[in-house]
Amino acid sequence: MKRKIRMGMVGGGPGAFIGAVHRIAANLDGLIELVCGCFSSHPEKSLATGRALFLPDDRIYASYQEMIEREAALPEGERMDFVSIVTPNHVHFGPAMLALEKGFHVVLDKPMTFTLDEALRLRDKVKETGKLFMLTHTYTAYPMVKEARERVRRGDLGKIRRIYVEYPQGWLYSDSEDKKGAWRVDPSRSGKAGCMGDIGTHAFNLAEYITGLRAVELCGELNTFVPGRSLDDDGAALIRYEGGAKGVLTASQIAVGVENGLNIRVYGEKGGLEWRQEEPNTMILRWPDRPMEIIRTSNGYMSGIAAWNTRVPAGHPEGYIEAFANLYRNFALALDAVLAGEEPDPRTLDFPSVEEGVRGMSFIEAIVSSGDTESKWIKIAN
């Protein structure tokens, strides 16, 4: 790598949790530098955030349109290489599409778009332009998730029969909590789904990533427990996967007292595995004829792809920020190869793409449709 990869950011202004996470993760390996941004739809807030990040005033923009247009007009050696979009869902499609049209690579927070139609149009544009596109499904970047995927891929568990994935949180247990994430319970900004769009998509993606199986049908139920709330705060789905595997997915943001309880269990003909996000350095393997195994990160028995995504020696905590940074590091190394006219190392391309974005939006469409009808089994498109 001859220079740092230059990043622009849309969103991530005052009070925005996820924008700061993206910036920390992008900076962790020293491969990426933030060179410009439109951090808020309010120009004065964008300017204040940019100055706090030590950007020059002429690289702090009042709108994403201005940013992308003006960056595209700069000399190749100065302009941003890619844009990271960390806005609410209704402001995903516009900047992503414009960035691709102007020749920029894109990193986008999940779910990918406001509607499935937007997701399909964005996928077409990515294919048309050939630009790199990364969707930040963070949990796929944990070392033990990589290890779980590899164990399934090489057949350790045999043919997969059953998948349980659960994502409970408790932070929206009452209407007084809505103010903490107002846009997530606002259909004009979040889209058709609340809880299922916000965290259910993570659970759906994690199950497909680890098992390598595509969900083909689901029977779902969405619930809104808090009176007056416009979107779901809880839900569940029975899922049929290709190859005959069956799954159960649950997500809830009214599970009082639960912090971030994402967990998955996968059972095959020969064995099973379990992983919990709140204990991310550990995976449990279960067998019919011997004691269970406890697999830990940073040990010599880990697969090559898990080792590639491991940062610290055994016994040291490694979690959310490092997983986010794995995404950005892989994306930066792949983009560096692309900019040099070279073929990226396959390990660096192991990040969620526009295809996972379409899958997530198809899941939202299917579970909302299933929740609205008595004819419960709905096919998952695309």
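Residues numbered from 1 in each chain as written. Predicted model: local features only at pLDDT ≥ 70, side-chain atom pairs only at ≥ 80, totals over all residues. Heavy atoms only, no water.

(A) Up close: the pattern of salt bridges. Counted by the stated rule, this structure contains 29 salt bridges. Notably, a salt bridge pairs Arg 3 with Asp 81, separated by 2.9 Å at the nearest N-O pair. With Arg 3 in the segment before strand 1 (5-11) and Asp 81 in the loop between helix 3 (64-73) and strand 3 (82-86), this residue pair connects regions lying 78 residues apart in the sequence. Accessibility expressed as a relative area gives 8% for Asp 81, which makes it buried. Ionic pairing is found between Arg 184 and Asp 198, a salt bridge with its closest N-O pair at 3.1 Å. Of the two residues, Arg 184 sits in the loop between strand 6 (160-168) and helix 7 (187-190) while Asp 198 sits in helix 8 (residues 195-211), which places them 14 residues apart along the sequence. By relative accessible area, Asp 198 is classed as buried at 12%. Residues joined in a network through salt bridges with shared partners are Arg 3, Arg 6 and Asp 81. (Salt bridge = Lys/Arg side-chain N within 4 Å of Asp/Glu carboxyl O. Helix = DSSP H or I, 4+ residues; strand = E, 2+ residues; numbered from the N terminus. Buried < 20%, exposed > 50% of the residue type's maximum accessible area, 1.4 Å probe, protein only.)

(B) Unusual backbone geometry, seen in detail. Cis geometry is adopted by the peptide bond preceding Pro 111, which originates at Lys 110 and carries an omega value of -15°. Tracing the backbone through its elements, the reader meets Pro 111 in the loop between strand 4 (105-108) and helix 5 (116-129). At Phe 54, a position not held by glycine, the phi torsion is positive, near 65°. With respect to the helices and strands, Phe 54 occurs in the loop between helix 2 (43-52) and helix 3. Positive phi, close to 65°, is recorded for Ser 298, a residue that is not glycine. With respect to the element layout, Ser 298 can be found in the loop between strand 13 (293-296) and helix 9 (304-308).

(C) Region of the structure containing helix 5. In this model, helix 5 (14 residues) spans 20 Å end to end at C-alpha, consistent with the 20 Å of a helix rising 1.5 Å per residue. For helix 5, the full list of buried residues reads Leu 116, Glu 118, Ala 119, Leu 122, Arg 123, Lys 125 and Val 126. Packing partners of the buried residues in helix 5 comprise helix 4 (93-101), strand 4, strand 5 (133-135) and helix 11 (354-371). (Expected span 1.5 Å × (residues − 1). Contact = heavy atoms within 4.5 Å.)

(D) Up close: empty space enclosed by the protein. Here the structure, examined in full by the defined rule, presents 1 cavity of 30 Å³ or more. Within this model, the largest cavity holds a volume of roughly 30 Å³. Examining the composition of the lining of the largest cavity, we find that 3 residues originate from one element, helix 11, more than from any other. When its residues are assigned to classes, the lining of the largest cavity shows 4 nonpolar, 4 polar and 1 charged. (1 Å grid on protein atoms, 1.4 Å probe; cavity = no way out; pocket = protein on both sides within 12 Å on 5 of 7 lines; lining within 4 Å. Points joined across faces, edges and corners; volume = space filled by probe spheres on them. Nonpolar A, V, L, I, M, F, W, Y, C, P; charged D, E, K, R; others polar.)

(E) Broad picture of the packing of aromatic side chains. A full pass over the atoms with the stated rule returns 10 aromatic pairs. Centroid distance Phe 82 to Phe 331: 5.1 Å. Interplanar angle 70°. Geometry classified as edge-to-face. Residue Phe 82 is found in strand 3, and its partner Phe 331 is found in helix 10 (residues 320-339); the two are separated by 249 residues along the sequence. In terms of burial, Phe 82 and Phe 331 fall into one category: buried. With centroids separated by 6.3 Å and ring planes inclined at 75°, the aromatic side chains of Tyr 164 and Tyr 267 adopt a geometry described as edge-to-face. One end of the pair, Tyr 164, is in strand 6; the other, Tyr 267, is in strand 10 (residues 263-268), and 103 residues separate them in sequence. Every member of this aromatic cluster is reached through a ring pair, and the members are Tyr 139, Tyr 142, Tyr 167, Trp 275, Tyr 320 and Phe 324. (Phe/Tyr/Trp six-rings, centres within 6.5 Å; stacked < 30°, edge-to-face > 60°.)

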